Amino acid sequence: MPHFTPSGSGPIGHLKEHANSSETIYFGGCFHGVWSAPDGLEPEGSGNMLLTSALWALAGAGALGNAVLGSLVMCPRCKIISTNLVRLPKAAIGRGEIALTFDDGPDAHVTPLVLDQLDLYGAKASFFCIGEKVAAQPDLVAEIVRRGHSIENHSYYHRNLFAFSGIRKLKMEVVATQQAIHSANNGISSRFFRAPFGFRSPWLGGVLRQTHMQHVAWTRRGYDAVCRNPDVVLRRLVHNLAAGDILLMHDGGSARTCNGQPVVLEVLPGLLERCASHGLRCVSLPMALSNAQL
């Protein structure tokens, strides 16, 4: 794992990378100055590399290229700019598995209640955690792991403009979160990453390849962070539910019902009942991909 050392205040605000690298700044599809990719941070895969190079050429050509590249950045389930897991592999489908994933935690109130509901059904899940919350609540992170779930990387600050950061800032956010998880999880780091809102810079794939991680999106989501109606959220999650699906929910930042209850806690029992009645086994991502190569 690349190592960073702080040179100022804040966990990652002033980190200095030991190896020299060029900085690429990308803002809303527009580029400022001359850019170059540091060694080893090219968009991954020869096919993807050629395609991404073509996209950069389009971006330099004018507004049309910017619009095309911007639409890809803002497409969470797109697989063009870098590898992106949106469904489980065939082996997991054959075992009747679905992956439950929870974003934006851990939350001191909601996460323990989510864990209790999962325990009632023998379900396992992956928690995509924000690095600064991991650092603030290492005991809760350890409890998630103790109950058989996995902790995954969801950036350090969950910045709204994460996808439009330069390479150096992308790498700092990923690595700082890995280090926080490593510290809270008995020396074990995450295998999977999900970008805030699922929006990915074209350079993120190279950063994840260097840190031996895989980006994970989702098959479907319930929008439980914004929708206050649990019935609507549940319908979205179970519509055409099938083995191999990756479901996205939120233990951090969950919307509240009209009675003030976190929507995710109202939705989860019905979802787990539906999974059980359809013979679907809820697992974490490492369980589903235990024998898969990144």
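Above: the structure in question.
Residues numbered from 1 in each chain as written. Predicted model: local features only at pLDDT ≥ 70, side-chain atom pairs only at ≥ 80, totals over all residues. Heavy atoms only, no water.

1. Looking at the pairing of strand β11 (residues 246-250)
With 5 of 5 residues buried, β11 is to be regarded as a mostly interior element. Burial along β11 is two-sided: the residues I246, L248 and H250 and L247 and M249 are all buried. Where strand β5 (residues 97-105) meets β11, 5 bridges bridge the pair, whose relative direction is parallel. Directly across from L100, in β11, lies its bridge partner L247. In this structure, strand β10 (residues 220-221) lies alongside β11, joined through 2 bridges in parallel fashion. Along β11, the bridge assignment pairs R221 with L248. Between β10 and its parallel partner β11, the chain crosses via helix α9 (residues 230-238), and the hand of that crossover is right-handed. (Buried < 20%, exposed > 50% of the residue type's maximum accessible area, 1.4 Å probe, protein only. Helix = DSSP H or I, 4+ residues; strand = E, 2+ residues; numbered from the N terminus. Pairing = 2+ DSSP bridges. Right-handed = clockwise from strand over helix to strand, strands pointing away.)

2. A short note on unusual backbone geometry
The omega torsion across G105 and P106 is 0°, close enough to zero to call that bond cis. When you line up the elements, P106 lands in the loop between β5 and α4 (110-120). A positive phi angle is found at D104, which is not glycine, with a value near 75°. Take D104: it is sitting in strand β5. Positive phi values are uncommon outside glycine, yet F197 reaches one of about 65°. Position of F197 among the secondary structure elements: in the loop between β8 (192-193) and α8 (204-210).

3. A word on the packing of aromatic side chains
Here the structure, examined in full by the defined rule, presents 4 aromatic pairs. An angle of 20° between the planes, with centres 5.1 Å apart, marks the rings of F102 and F127 as stacked. Of this pair, F102 sits in strand β5 while F127 sits in strand β6 (residues 126-129), and the two are 25 residues apart along the sequence. Residue classification places F102 among the buried positions, given a relative accessible area of 0%. With a centroid separation of 5.9 Å and an interplanar angle of 35°, the aromatic rings of F162 and F193 are classed as tilted. With F162 in the loop between β7 (150-153) and α7 (167-184) and F193 in strand β8, this pair connects stretches of sequence that are 31 residues apart. In this structure F162 comes out as buried when scored by relative accessible area, which is 1%. A cation sits over an aromatic face here: R194 above F128, 4.3 Å from the ring centre. Directly above the ring of W218 sits R221, whose terminal nitrogen or CZ lies 4.8 Å from the centroid. (Phe/Tyr/Trp six-rings, centres within 6.5 Å; stacked < 30°, edge-to-face > 60°. Lys NZ or Arg CZ within 6 Å of the ring centre and 35° of its normal.)

4. A few points about the packing of α4 against helix α6 (residues 138-146)
How two helices pack is summed up by the angle between their axes together with the distance between the axes. For the pair α4 and α6, the least separation of the axes is 11 Å and the interaxial angle reads 10°. Classed by the angle they form, the pair α4 and α6 counts as roughly parallel. Of the residues in α6, those touching α4 at T111, P112 and L115 are L140, E143 and I144. (Axes fitted to C-alpha atoms, helices over the stretch in contact; angles between N-to-C directions. Parallel < 35°, antiparallel > 145°, perpendicular 65-115°, else oblique. Contact = heavy atoms within 4.5 Å.)

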